[in-house]
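# Structure at a glance
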There are 2 protein chains.
Amino acid sequence: MWGIELQRKNEVSLARQIYQVMRDQMTTGQLKPGEALPATRVMAKQLSVSRNTVYEAYEMLSAEGYLVTRQGSQTRVAEGLRLEKPAPVREDLSSSVQPAYEYLADFRTGQPDLQRFPRHLWLQLLRTATESFPAKQWGYTGPEGLPDLREELAAWLFRSRGLVVHPQDIFITAGATQALHLLAELLFEEGREILVEDPCHIGMLHVLQGKGFKIRPIPVDNHGIQTQYLDGSNACAAYVTPSHQFPLGGILPAGRRAELIQFARDNDLYLIEDDYDSEFRYKGTPVAPLCSMDPGRVIYVGTFSKILFPAIRIGYVVLPRQLQTRWRHLRTHTDVQNPPFEQAALAEYLRTRKLDRHVQKMRKLYGQRRQTLLQMFEEVFGKTWSALGDAAGLHIVLQFPGMTFDQTFAQHCKECGIYITPVEYHSIHKGMHLDKLLLGYGHLEADEIRKGILLLHKQMG
Amino acid sequence: MWGIELQRKNEVSLARQIYQVMRDQMTTGQLKPGEALPATRVMAKQLSVSRNTVYEAYEMLSAEGYLVTRQGSQTRVAEGLRLEKPAPVREDLSSSVQPAYEYLADFRTGQPDLQRFPRHLWLQLLRTATESFPAKQWGYTGPEGLPDLREELAAWLFRSRGLVVHPQDIFITAGATQALHLLAELLFEEGREILVEDPCHIGMLHVLQGKGFKIRPIPVDNHGIQTQYLDGSNACAAYVTPSHQFPLGGILPAGRRAELIQFARDNDLYLIEDDYDSEFRYKGTPVAPLCSMDPGRVIYVGTFSKILFPAIRIGYVVLPRQLQTRWRHLRTHTDVQNPPFEQAALAEYLRTRKLDRHVQKMRKLYGQRRQTLLQMFEEVFGKTWSALGDAAGLHIVLQFPGMTFDQTFAQHCKECGIYITPVEYHSIHKGMHLDKLLLGYGHLEADEIRKGILLLHKQMG
């Protein structure tokens, strides 16, 4: 009856099933405006359901205005329900799934070793840190982040980098990408430029371009950004990685740091200092942030994606006072705040100094992997290459004079099971770094590094 | 010596202390360019530290370019380190802390009852759902969200609302605010308008304004958006709350739904359907989403902030296929992805149907509180008011003909310990809803509601 076929072993209630079929019939015009519906008693009998079930379905249809009931008269289909046929929807062909490769050698960058992360300890901290959460912690707690975490972060920045920061100036973010996304919003001025290093992490470049910034690339050499090329005539900010240039790996020398700060002062612009992995420096201790030289002008961005694990989605910014009110407003209307659970666990990880010990352990391990990689390259490739940048981080750039590494090369490698990135991929002015390869090694065991390099050699040979 | 005072019981290493003092001396010009430093042996003796400590400090200074060492000659301070005095930083006076009120009556909106949320159960689910996470789950897992959660969400949308959605079309977000933030990015066209209901949640309005949209308000009556005033000549999207208009509370009738869909088709624009609390409907079952009438044109936005708790930071969008590639790109360059822990716990909450039972329990409780509030208003205020909208959600609008509730009134209430929002606060065209008050009651116990209403009566009397 009425084209209604009920499925009795369905999680959707019978009333809802009736409602759905009838609603569809009304919007497609099968049930015409003004048409009278059978009384609930009649309909119930026809469909072999209880009268209450039909009553509930009619109620739902009435509540949403599909049915009209007038005192003492029959229930009828309302007017104006019929929809014309929808226009065909453009299918998005580009969304079809990318071919999946099985990588025999996976030199992608930015990957810490997840196997060596003490996952069990983390889950334990997550438990202990959250089991005593008061009820209000489960509500909205503000765009700044958990006070405990900001306290612990300030202490950690001081003992690991000598950076003196007030906890109030630290704002927790959902990772460094979000930090840059929000800063782009905050600092954007119509028609003004942002200075970036060239080459520069292409993901971060996309964040800035997404906001609409005009990009002015400043060339980078072995030591970092080349300050003699700075031009701030139309810039409102600069995005830099002085602790470990991405991707070329230089640690910016003090003279250039001073020039950069002076340049920012002369041109009244902000410096965004992205310190994404300076914990892992294999000679000496971490470099003092640029931020310590002028906290009113440098915005310091840090992340725990490399130190701990990417899925934690916790980063932070150290913000000059004059930007903090606008930051709060912006974060509130972007995604409100981070969830508190990971924040509390991280605070506990810092408080107990277990994080410090983890960093120490991983620094040693990553340093060894870097050595393995360099030795193996020497064994396999002889003297045809040289390493760029300083001994730090989870990636390295190798230069092979005379070779050409472009997108075609990378694609070819991919098809042979090798994930490797030409520096060209991160270059803004193309053609300047064609002889350089970028390799991530933090997540690879020694024998994976060896096998990977042998495979790469076969590919290049 | 050298103005270096070491603190031996400090977490900052002695080497770093030496480094910091000397670096400051160089940038302020106390240590001049070209000045020779004492040999490590000499300096170590002067400071009563080991020679290695001084060596490490010099190494740090050298690595960053503060010192220059030439073969066979002394270590000297590098050139060009000195910074001019920084310009004074503009202090942000508006960031000074807002006065904190103790609310005796807190009728703020959008607050579920956190005391009644089974926090212990949640933490248990969090533990069981994450203890077997494979290592790769701790890395980057893509902008779509955990597959398990998307599956469970699709099943839940079907059994709770009869909405047929493919899990692939569901994208997890960090709450509904982020969903709207990303949709604003996605749908924005320079110079084009977005249609919004008037009144409309002011926070959501800020999200749209923040993106730069021109806002065209469409008036709302007791049943929701008034479709006869729709004007799409320059619009690219509309943001609506058909399941429970915020704040006026109407459930949009079927005829207006059909008109809205037809209007969107005729003007080729997207509808953003924000279904923020339709789980809590106290008559009949949740309303069928607009989205089910035209999934290619309606973007459905949901959140767990009200059903569970705000700090979970999980929402979702059901996206038409043609928008999905751009969404992936956008989310990746905004904040990459949600953390996986809460997602896994929520998937488990849904899979075990414990969420369904929680919703049922809370629906009953919130319904009772609504009744308590209405009864108490009648007792205290007599017949001077009427309730607007349908029986749903965690808030209610009361109309007091002849009264005026504006910002002054709200501020006055605040100072007397009452948090209450005039509808005017959420109005775009001011002056249309001056006689209406908005009260959230979901988080209040019966006696808090009673006390609050008595206090409000004193205030208004």
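Residues numbered from 1 in each chain as written. Chains lettered and ligands numbered in written order. Predicted model: local features only at pLDDT ≥ 70, side-chain atom pairs only at ≥ 80, totals over all residues. Heavy atoms only, no water.

### Observations regarding the pairing of strand E5 (residues 193-198) of chain A
Residues and elements named next belong to chain A. This is how it is decided: Residue exposure (1.4 Å probe, protein chains only): buried if accessible area is under 20% of the type maximum, exposed if over 50%, otherwise partly exposed. Per the convention used, a helix needs a DSSP run of H or I reaching at least four residues, while a strand needs a run of E reaching at least two, with both numbered from the N terminus. In this description, strands pair whenever DSSP reports at least two bridges between them. By convention a crossover is right-handed if, when the strands point away from the viewer, the path from the first strand over the helix to the second runs clockwise.
The element E5 is largely enclosed, with a buried count of six among its six residues. The pairing of E5 with strand E6 (residues 214-221) spans six bridges and is classified as parallel. Bridged to Ile-194 within E6 is Ile-215. As a crossover connection, the stretch from E5 through helix H7 (residues 202-211) into E6 is right-handed. Pairing of E5 with strand E8 (residues 235-240) involves four bridges; the strand directions are parallel. Its bridge partner lying in E8, Val-196 is registered against Tyr-239.

### So, the pattern of salt bridges
Quick reminder of the rule: In the sections that follow, a salt bridge refers to a side-chain nitrogen of Lys or Arg positioned within 4 Å of a carboxyl oxygen of Asp or Glu.
Scanning the model with the defined rule gives 42 salt bridges over all chains in all. For A:Lys436, the salt bridge identified is with A:Asp435, shortest N-O distance 3.7 Å. For A:Lys436, a relative accessible area of 8% corresponds to the buried category. A:Asp435 gets classed as buried once you look at its relative accessible area, which sits at 15%. The closest approach of N and O atoms between B:Glu445 and B:Arg369, which form a salt bridge, is 3.5 Å. Highlighted residues: B:Glu445 in the loop between strand E16 (436-440) and helix H13 (446-460) and B:Arg369 in helix H11 (residues 354-381), separated in sequence by 76 residues. Members of the salt-bridge network, linked through shared partners, are A:Asp113, A:Arg116, A:Arg369 and A:Glu445.

### Focus: the sheet that holds strand E13 (residues 395-399) of chain B
Residues and elements named next belong to chain B. Put simply, the test is: The contact criterion used is simple: two residues touch if any of their non-hydrogen atoms lie within 4.5 Å. Lines are fitted to the C-alpha atoms to define the axes, a helix being fitted only along its stretch in contact, and any angle between axes, read from their N-to-C directions, falls within 0 to 180 degrees.
The strand order E12-E13-E16-E15 describes an open sheet built from four strands, whose pairing is antiparallel. At either margin of the open sheet sits one strand with a lone partner, and together these are strand E12 (386-388) and strand E15 (421-422). Sheet topology note: the E13/E16 ladder contains five bridges and is antiparallel. Pairing of His-395 across the sheet is with Gly-440, part of E16. Relative to E13, H11 is tilted by about 20°, and along the sheet it contacts E12, E13 and E16.

### Quick notes on the interface of chain A and chain B
Often the size quoted for an interface is simply the accessible area lost on bringing the parts together. Stated precisely, the cut-off is as follows: The quantity reported as buried area is the accessible area (1.4 Å probe) lost by two parts once they are put together, taken as the sum for both. Under this definition, polar contacts are N or O atom pairs within 3.5 Å; protein pairs additionally need one hydrogen-donor-capable and one acceptor-capable atom, and for neighbouring residues in sequence, both atoms have to be side-chain atoms. Gly counts as polar in this scheme, as do all residues outside two lists: the nonpolar Ala, Val, Leu, Ile, Met, Phe, Trp, Tyr, Cys and Pro, and the charged Asp, Glu, Lys and Arg.
On the chain B side, the residues contacting the 104 residues of chain A number 105 residues. Buried surface at the junction of chain A and chain B, summed over both partners, amounts to about 8400 Å²; 56% is from carbon and sulfur atoms. Across the chain A-chain B interface, the total number found is zero salt bridges. Linking chain A to chain B there are 15 residue pairs in polar contact (both at pLDDT 80 or more). In terms of residue class, the side of chain A that touches chain B is made up of 39 nonpolar, 35 polar and 30 charged.

### Some words on the side chain of B:Asp113
All names here are of chain B. Position of Asp-113 relative to the elements: it lies in the loop between strand E3 (105-106) and helix H4 (119-130). Here the side chain of Asp-113 touches Gln-115 through a polar contact of 2.9 Å, landing on its backbone nitrogen. At 3.2 Å, the side chain of Asp-113 forms a polar contact with the backbone nitrogen of Arg-116. Not counting the four nearest positions on each side in its chain, Asp-113 is found in contact with Met-362, Leu-365, Tyr-366, Arg-369, Gly-442, His-443 and Glu-445.

### Details of the nonpolar core
Put simply, the test is: Here, the term nonpolar core denotes a set of buried Ala, Val, Leu, Ile, Met, Phe, Trp, Tyr and Cys residues that are joined through side-chain atoms within 4.5 Å.
Counting residues in each nonpolar core, the largest one holds 176 residues, and the members touching the most others are A:Trp122 and B:Trp122. Non-local contacts of A:Trp122, meaning those with residues more than four positions away in its chain, are made with A:Phe117, A:Leu308, A:Phe309, A:Ile312, A:Glu342, A:Ala345, A:Leu346, A:Tyr349, B:Trp138 and B:Phe341.

### Considerations on the sheet that holds strand E11 (residues 315-318) of chain B
All names here are of chain B. Within the open sheet, the eight strands sit side by side as E4-E11-E10-E9-E8-E5-E6-E7. Their pairing is mixed. The outermost strands of the open sheet, each flanked by one partner alone, are strand E4 (170-173) and strand E7 (224-225). Strands strand E5 (193-198), strand E6 (214-221), E7, strand E8 (235-240), strand E9 (270-275) and strand E10 (298-303) of the sheet are contacted by helix H8 (residues 254-266), whose axis makes an angle of about 140° with E9.

### Notes on the packing of helix H12 (residues 407-415) of chain A against helix H13 (residues 446-460) of chain A
All names here are of chain A. Selection criterion: The scheme is simple: roughly parallel for angles under 35 degrees, roughly antiparallel for over 145, roughly perpendicular for 65 to 115, oblique for anything else. The hand of a helix crossing depends on one turn: near helix anticlockwise from the far one by less than a right angle means left-handed, and clockwise means right-handed.
Close contact between H12 and H13 brings their axes to 11 Å; oriented N to C, the two are set at 125°. In terms of orientation, H12 and H13 fall into the oblique class. Pair H12 / H13 crosses with right-handed handedness. When H12 is examined against H13, the residues Phe-409, His-412 and Cys-413 are found in contact with a partner set consisting of Leu-456, Gln-459 and Met-460. Its residues assigned to classes, the contact of H12 with H13 shows four nonpolar, two polar and no charged.

### Quick notes on the packing of helix H11 (residues 354-381) of chain A against H13(A)
Residue and element names in this part refer to chain A. It is at 10 Å that the axes of H11 and H13 come closest, and there the two elements cross at 30°. Two packed elements cross with a definite hand, and for H11 against H13 that hand is right-handed. Side by side, H11 and H13 meet where Arg-369, Thr-372, Leu-373, Met-376, Phe-377, Val-380 and Phe-381 of the first sit next to Ala-446, Ile-449, Arg-450, Ile-453, Leu-454, Leu-456, His-457 and Met-460 of the second.

### Observations concerning the side chain of A:Asp335
With respect to the helices and strands, the residue A:Asp335 is situated in the loop between helix H9 (324-332) and helix H10 (340-351). For A:Asp335, the side chain forms a polar contact with the side chain of A:Gln178, separated by 2.9 Å. Ignoring sequence-local partners within four residues, the contact set of A:Asp335 consists of A:Gln178, B:Ala174, B:Thr177, B:Gln178, B:Arg313 and B:Asp335.

### Concerning the pairing of strand E13 (residues 395-399) of chain A
By the criterion of burial, E13(A) is predominantly enclosed, with four of the five residues buried. Between strand E12 (residues 386-388) of chain A and E13(A), which pair antiparallel and follow one another directly, the connecting turn spans six residues, one of which, A:Gly389, has a positive phi of 75°.

### Quick word on the packing of aromatic side chains
This is how it is decided: Note on ring pairs: Phe, Tyr and Trp rings are taken, using the six-membered ring of Trp, and paired if centres are within 6.5 Å. Classes follow the plane angle, with under 30 degrees stacked, over 60 edge-to-face and the rest tilted. Our definition puts a charge over a ring when NZ of Lys or CZ of Arg is within 6 Å of the ring centre and also within 35 degrees of the ring normal.
Counting across every chain of the model gives 48 aromatic pairs over all chains. The interplanar angle of 45° and the centroid separation of 5.7 Å between the aromatic rings of A:Phe117 and B:Trp138 together place this pair among those described as tilted. Within this pair, whereas A:Phe117 is found in the loop between strand E3 (105-106) and helix H4 (119-130), its partner B:Trp138 is found in the loop between H4 and helix H5 (147-161), the two belonging to separate chains. For the pair A:Phe117 and B:Trp138, a shared accessibility class is recorded, and that class is buried. Over the aromatic face of B:Tyr419 sits the side chain of B:Arg108, whose NZ or CZ is 4.3 Å from the ring centroid. In this arrangement the basic side chain of B:Arg150 is found over the ring face of B:Phe171, its NZ or CZ atom lying 5.4 Å from the centre.

### Description of the relation of the copies chain A and chain B
This is how it is decided: A residue counts toward the fit only if its pLDDT is at least 70 in both copies, and the copies are then superposed by least squares on the C-alpha atoms of those residues.
Overlaying chain A on chain B yields an RMSD of 0.1 Å, the required transformation being a rotation through 180° with an accompanying axial translation of 0.1 Å. This pairing of chains is accounted for by a two-fold axis. Among all C-alpha atoms of chain A, that of A:Arg127 lies closest to the rotation axis, at 3.8 Å. Of the residues that chain A buries at the interface, 100% are likewise interface residues in chain B, meaning the two copies contact each other through the same surface.

### Side note on the domain arrangement of chain A
Residue and element names in this part refer to chain A. Rules: Residue ranges for the domains originate in an automatic or database domain assignment.
Per the domain assignment, the segments making up chain A are domain 1 (14-77), domain 2 (105-111 + 357-460) and domain 3 (119-355). Taking only C-alpha atoms, the centre of domain 2 and the centre of domain 3 are 26 Å apart. If you look at the interface, domain 2 gives 29 residues, while domain 3 gives 35 residues. Between domain 2 and domain 3, the buried area comes to about 2700 Å², and carbon and sulfur atoms account for 62% of it. Run the count over domain 2 and domain 3 and you get 20 residue pairs in polar contact (both at pLDDT 80 or more).

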